[in-house]
Amino acid sequence: MRKEQINDIFLYPIGFDISRLYNSLIHGIMSEDNYKQNGVDFIKSSYDPVDTDQINLYKYEDFVNDILKKREIDYITNSICLVIELSSLVLPISKENIMYIAIPSCYADTNIKEINYLNFTNMSYEQIKNNCETFLKILEKYGFEKDQDKYDNSYGVLKYSYNLGKDFEEELEDARNYLNEDIGYDVRDTFRKILNKKNDITLLDLVNYLNEKTLNLPIVPLEDIPLMKIKIK
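As the structure is a prediction and not an experimental result, all values here were calculated from the model.

(A) Structural view of the overall build of the protein chain. What the protein chain contains, in helices and strands, is nine helices and seven strands. Here the C-alpha atoms of the protein chain give a radius of gyration of 18 Å, agreeing with the 17 Å that 2.2 N^0.38 yields for 233 residues. Counting only C-alpha atoms and orienting by the principal axes, one finds that the protein chain spans roughly 60 × 40 × 35 Å. Relative to its 233 residues, the protein chain shows a buried fraction of 45%. Sequence-distant contacts in the protein chain: of pairs separated by 6 or more residues, those separated by 24 or more amount to 72%. Summing over all exposed atoms, the protein chain offers an accessible surface of approximately 12,600 Å²; the carbon and sulfur share of this is 45%.

This is the structure in structure tokens:
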């Protein structure tokens, strides 16, 4: 084996959307348009570009040197990131270009029921509900059975909070958090069955499971991404 210095390293942050993680490891890194063209369910984040034929990529060098904007840094440091080697940007990006899965150290051992899988910032009630329904539909592929009454109740509280208006932002944030808590418990219960674990399952456990089903890439701390790629002659 030989080591080759990599100069063009990029970060592709995905929040904690495990469906996008899995799809990226299966199909490569795609824009919203690519998802639709391939008939793959897409959950739009408030961080995604307005232009649906683009994606958010950040140079790793810019990240470590604090050149990025605060909002971009906050997004990266609160996300699972795919680390990509690129010489030119052509979408979709082949999964062969993905070097590592990077997880911020502060989240690796977090119980999966405590993760906010969906980002609800600056989204309408309809967008949030649609994203939740898409996420739960994807979760059903892992044996999840939705409690419709529970979610109808959470949607009702969310809609009521939106109707209160801008002066009740705290109540709206609580409603969003309750919905993410519902999702968190259902993700935990679903993967407890799959992993046959009664005790707590961490984010790292969950990412490991999805990774082993796909590319089986190295998983590294976001703060300690190797800058050397091992290649086999």
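Additional details are given in the paragraphs that follow.
(B) How the structure looks around the environment of K95. Mapped onto the elements, K95 comes out in the loop between strand 4 (81-85) and strand 5 (98-103). On the basis of relative accessibility, which here comes to 30%, the residue K95 falls in the partly exposed class. Considered as a pair, K95 and T214 are 119 residues apart in the sequence and their alpha carbons are 10 Å apart. Look past the residues within four positions of K95 in its chain and what remains in contact with it is S24, L25, I26, G28 and L215.

(C) Spatial organisation of the pairing of strand 4. Most of strand 4 sits out of view: five of its five residues are buried. The alternating pattern of strand 4 places C81, V83 and E85 on one face and L82 and I84 on the opposite face, and all of these are buried. Of the strand pairs in this sheet, strand 2 (residues 9-13) and strand 4 are connected by five bridges, and their pairing is antiparallel. Residue Y12 lies in a different strand from strand 4, and its bridge partner there is L82. Note that strand 4 and strand 5 share four bridges and pair antiparallel. Bridge pairing links I84 to I98 in strand 5.

(D) Geometry of unusual backbone geometry. Across the junction of L91 and P92, the peptide omega takes the value -5°, indicating a cis bond. You can see P92 is positioned in the loop between strand 4 and strand 5. The phi dihedral of N196 is positive, around 55°, even though this residue is not glycine. Given a relative accessible area of 71%, N196 falls into the exposed group. Notably, N216 is not glycine yet its phi reads approximately 55°, a positive angle. Looking at the secondary structure, you find N216 in the loop between helix 9 (203-212) and strand 6 (219-221).

(E) Representation of the pairing of strand 5 within the structure. Across the six residues that make up strand 5, a large majority, six, are buried. Where strand 5 meets strand 6, three bridges bridge the pair, whose relative direction is parallel. Each residue of the ladder has a partner; that of I101, found in strand 6, is I219.

(F) How the structure looks around the layout of surface pockets. Roughly 480 Å³ of internal volume is contained in the largest pocket. Lining the largest pocket are 27 residues, and of these N116, L118, N119, F120 and T121 sit closest to its centre. Listed by contribution, the elements that provide at least two residues to the lining of the largest pocket are helix 4 (70-77) and helix 8 (169-195). At four residues, the largest contribution of residues to the lining of the largest pocket is made by helix 8. Within the lining of the largest pocket, the residues separate by chemical class into 10 nonpolar, 10 polar and seven charged. Roughly 240 Å³ of volume is contained in the second largest pocket. Around the second largest pocket sit F42, K44, S45, S46, D48, T121, N122, M123, Q127, N130, N131 and T134, which together line it. Here the lining of the second largest pocket is composed, by residue class, of two nonpolar, eight polar and two charged.

Criteria and cut-off values
- Residues numbered from 1 in each chain as written.
- Predicted model: local features only at pLDDT ≥ 70, side-chain atom pairs only at ≥ 80, totals over all residues.
- Heavy atoms only, no water.
- Helix = DSSP H or I, 4+ residues; strand = E, 2+ residues; numbered from the N terminus.
- Rg over C-alpha atoms; globule rule 2.2 N^0.38 Å.
- Buried < 20%, exposed > 50% of the residue type's maximum accessible area, 1.4 Å probe, protein only.
- Contact = heavy atoms within 4.5 Å.
- Areas by Shrake-Rupley, 256 points an atom, 1.4 Å probe, with all protein chains shown as cover.
- Pairing = 2+ DSSP bridges.
- 1 Å grid on protein atoms, 1.4 Å probe; cavity = no way out; pocket = protein on both sides within 12 Å on 5 of 7 lines; lining within 4 Å.
- Points joined across faces, edges and corners; volume = space filled by probe spheres on them.
- Nonpolar A, V, L, I, M, F, W, Y, C, P; charged D, E, K, R; others polar.

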